Amino acid sequence: MVTLKYRDAHPGTKNRRRMAGQEAEEQMAHYLDRDFEKSDDVALLHGLRLVDETRTDVDGGPVVAQMDHLVLHRFGAFIVESKSLKGLVRVKPSPSGGGEWSHQPPGAKAPKGINSPIEQGIRQAEVLRQVLIINKCDLLGKMLGMMQKGFGYMP
């Protein structure tokens, strides 16, 4: 079974980092909604948690992708990952395209490595693609299925 639902917010949280991250996601959602509100070609989904119980992750649980923003268009989809960081962010290019990311907050003596939002988006996209492939018969239906055979090449 695969579920797609809005991720639960963190009501009443006192964690400053989590609150800042949630605020960054809300700000990005506002800007995306504002920029695409009049478009009939774009659908926006914010705060999504995709759980694929048909597959097992390395921790033994189901495969999960948490997407801050999913932008859907008739020609494809893209994922926007929101981050809230103050200070210096450095990206050292890597062959994978995600790069090695580091963050040095104001007053910190040295930078610390952080997860690449690009690689995070790539992992989320792969989970989304696999879920679409697994469920293509239900999603495409008979009529659309004649024109589009699957999601393997979805950008």
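The model shown is predicted, which means the values in this text are computed figures rather than measured ones.

Visitor: Explanation requested: the overall build of the protein chain in the structure shown.
Guide: Helix and strand counts for the protein chain stand at 3 helices and 7 strands. When the helices and strands of the protein chain are placed in sequence order, the string is β-α-β-β-β-β-β-β-α-α. With 155 residues in all, the protein chain has 29% of them scored as buried. At a minimum sequence separation of 6, the contacts of the protein chain that also span at least 24 residues come to 43%. Roughly 11,200 Å² of accessible area belongs to the protein chain as shown, and the carbon and sulfur atoms make up 55% of that amount.

Visitor: Help me understand helix α2 (residues 117-134) in this model?
Guide: Compared with an ideal rise of 1.5 Å per residue, which puts 18 residues at 26 Å, α2 spans 26 Å between its outermost C-alpha atoms and is within 8% of the ideal. Within α2, burial applies to P117, Q120, G121, Q124, V127, L128, R129, V131 and L132. Between the side-chain oxygen at the start of α2 and the backbone nitrogen of I118 there is a gap of 3.2 Å, and the oxygen is on S116.

Visitor: Explanation requested: the pattern of salt bridges in the structure shown.
Guide: A complete count under the given rule lists 4 salt bridges for this structure. One salt bridge connects K83 with E81, and the closest N-O pair in it is separated by 3.6 Å. Given the relative accessible area of 42%, K83 is considered partly exposed. Accessibility expressed as a relative area gives 18% for E81, which makes it buried. R129 serves as the salt-bridge partner of E126, at 2.8 Å between the closest nitrogen and oxygen. One end of the pair is E126 and the other is R129, both in helix α2 and 3 residues apart, which spans about a single turn.

Visitor: Explain the nonpolar core to me, please; I cannot follow it from the model alone.
Guide: Most often, soluble globular proteins keep nonpolar side chains buried together rather than apart. If you look at the biggest cluster of nonpolar residues, it comprises 14 residues, and the most contacted ones within it are L50, A65, M67, L70, V127 and L128. Looking at this core, the elements with two or more residues in it are β2 (42-56), β3 (62-73), β4 (76-80) and α2. Sequence-distant contacts of A65, defined by excluding residues within four places in its chain, comprise L48, R49, L50, Q124 and V127. With 5 residues, the next largest nonpolar core counts L32, L44, V71 and V80 among its residues.

So, how was this worked out
In this convention, every chain numbers its residues from 1, walking through the sequence in written order. Restriction of local features to residues with pLDDT of at least 70 applies here, the model being predicted, together with a cutoff of 80 or more for giving and counting side-chain atom pairs; totals for whole chains, interfaces and linings are based on all residues. Values shown for side chains rest on all heavy atoms present in the structure; no hydrogens or waters enter the calculation. Strands are runs of DSSP state E lasting at least 2 residues, helices are runs of H or I lasting at least 4, and numbering of each runs from the N terminus. Each residue gets one of three labels from its accessible area relative to the maximum for its type: buried under 20%, exposed over 50%, partly exposed in between, using a 1.4 Å probe on protein chains only. The contact criterion used is simple: two residues touch if any of their non-hydrogen atoms lie within 4.5 Å. With residues, only the protein chains shown are counted as cover, and all accessible areas are computed by Shrake-Rupley using a 1.4 Å probe. Under the convention used throughout, the expected extent of a helix is 1.5 Å for every residue step, that is, one less than its residue count. Two N or O atoms form a polar contact when they lie within 3.5 Å of each other; inside protein one atom must be a possible hydrogen donor and the other a possible acceptor, and for residues adjacent in sequence the pair counts only when both atoms belong to side chains. Any Lys or Arg side-chain nitrogen located within 4 Å of an Asp or Glu carboxyl oxygen qualifies as a salt bridge. By nonpolar core is meant a set of buried Ala, Val, Leu, Ile, Met, Phe, Trp, Tyr and Cys residues that side-chain atoms within 4.5 Å join together.

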